[in-house]
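Working through the structure, step by step
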Amino acid sequence: MTATLDRGVAPVHGSLAVYPGTFDPFTPGHRDLVARARVMFDQVIVLLAVNADKRPTAEATTRAVRVRDAIPAAWGNVEVDTWTGLTAAYCLRRGATVIVRGLRSAADLRHEHQLAAMNEQLGIQTVWLPSRPELVATSSTVARAYRSAQPARPSLNPGE
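My aim in this report is to walk through the structure given alongside it, one point at a time.

Scoring rules and cut-offs
- Residues numbered from 1 in each chain as written.
- Predicted model: local features only at pLDDT ≥ 70, side-chain atom pairs only at ≥ 80, totals over all residues.
- Heavy atoms only, no water.
- Salt bridge = Lys/Arg side-chain N within 4 Å of Asp/Glu carboxyl O.
- Helix = DSSP H or I, 4+ residues; strand = E, 2+ residues; numbered from the N terminus.
- Buried < 20%, exposed > 50% of the residue type's maximum accessible area, 1.4 Å probe, protein only.
- Contact = heavy atoms within 4.5 Å.
- Polar contact = N/O pair within 3.5 Å; in protein donor to acceptor, adjacent residues only side chain to side chain.
- Core = buried A, V, L, I, M, F, W, Y, C linked by side-chain atoms within 4.5 Å.
- Patch = residues over 30% accessible without salt bridge, like charges linked within 9 Å, V, L, I, M, F, W, Y side chains within 5 Å.
- Areas by Shrake-Rupley, 256 points an atom, 1.4 Å probe, with all protein chains shown as cover.
- Pairing = 2+ DSSP bridges.
- Right-handed = clockwise from strand over helix to strand, strands pointing away.
- Phe/Tyr/Trp six-rings, centres within 6.5 Å; stacked < 30°, edge-to-face > 60°.

Turning to the pattern of salt bridges, a few remarks are in order. One pass over the full model with this rule turns up 5 salt bridges. Across the salt bridge formed by Glu79 and Arg94, the nearest N and O atoms sit 3.2 Å from each other. Note that Glu79 is positioned in strand 3 (residues 78–84) and Arg94 in helix 3 (residues 87–94), a separation of 15 residues in sequence. Residue Arg94 is classed as partly exposed on the basis of its relative accessible area of 32%. What emerges from the salt-bridge pattern is a single network uniting Asp32, Arg36 and Arg132.

Here you go:
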């Protein structure tokens, strides 16, 4: 179940929120957070962070296309962008006042609290959305491990 306007949630007028991550891959949990954030804020930017410390399985442009493909066309207030650098710098550049982050566990909260404190010093607030219980176990790390553990499927095209 996802959040909808008919559930009484109205976006904060004029609000622009940024939901950052590497999204490698973009999981059902990520999609759920976008679905919930899009009814809370006038506009949501799903920001693919380019982080030199991480080694994603695909380039940022490829991941951005995958995220765009996972976002329903009817979600007109959601856009996808890429950025290298601090998320807060991106927010300041775009005029966003809120960063949306998902929380799966208490361990996430400890890490996210540090990020939120830093971003608040830069004038950007953080809103945490808890993961739905049925989606908690599916992190990008788990999704990548599952994908890499799958046996190679034979090609249906002879000669490949």
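What follows picks up the thread again.
Turning our attention to the environment of Asn77. On the secondary structure map, Asn77 appears in the loop between helix 2 (60–70) and strand 3. Overall, the relative accessible area of 18% leaves Asn77 in the buried class. The sequence separation of Asn77 and Val44 amounts to 33 residues, and the corresponding C-alpha distance is 6.3 Å. The contacts of Asn77, once residues within four sequence positions are left out, are Arg38, Phe41, Asp42, Gln43 and Val44. Among the polar contacts listed, one links the side chain of Asn77 to the backbone oxygen of Asp42, at a separation of 3.2 Å.

Our next topic: the nonpolar core. If you look at the biggest cluster of nonpolar residues, it comprises 21 residues, and the most contacted ones within it are Val34, Val46, Val67 and Val100. Of all the secondary structure elements, the ones that give two or more residues to this core are strand 1 (12–21), helix 1 (28–40), strand 2 (41–50), helix 2, strand 3 and strand 4 (98–103). Dropping the residues within four chain positions of it, Val67 is found in contact with Phe23, Phe26, Val46, Leu48 and Val80.

Judged by side-chain polarity, Leu86, Leu92, Met118 and Leu122 come together as a nonpolar surface patch covering roughly 360 Å² of accessible area. Considering the arrangement of structural elements, one finds Leu86 in the loop between strand 3 and helix 3.

Strand residues, when the strand is regular, have side chains that alternate between the two faces of the sheet. In terms of burial, strand 2 is largely enclosed, as 7 of its 10 residues are buried. In terms of strand pairing, strand 1 meets strand 2 through 7 bridges, oriented parallel. Paired with Leu16 across the strands is Gln43, a residue of strand 2. Viewed along the sheet, the connection from strand 1 through helix 1 into strand 2 turns out right-handed. Here 7 bridges tie strand 2 to strand 3, and the two strands are oriented parallel to one another. Residue pairing for strand 3: Ala49 is matched across the bridge by Trp83. Handedness of the crossover joining strand 2 and strand 3 through helix 2 is recorded here as right-handed.

With respect to the secondary-structure elements, Ala64 resides in helix 2. Since its relative accessible area comes to 3%, Ala64 is described here as buried. The sequence separation of Ala64 and Val80 amounts to 16 residues, and the corresponding C-alpha distance is 6.6 Å. Beyond its immediate sequence surroundings of up to four residues, Ala64 is in contact with Leu48, Val80 and Thr82.

Here we come to the packing of aromatic side chains. In the structure shown here, the tally under the stated rule is 3 aromatic pairs. Centre to centre, the rings of Phe23 and Phe26 are 5.5 Å apart; their planes meet at 65 degrees, and the pair counts as edge-to-face. Between Trp83 and Tyr90, the ring centres sit 5.2 Å apart and the planes meet at 65 degrees, which makes this aromatic pair edge-to-face. As far as the burial class goes, Trp83 and Tyr90 line up, both buried.

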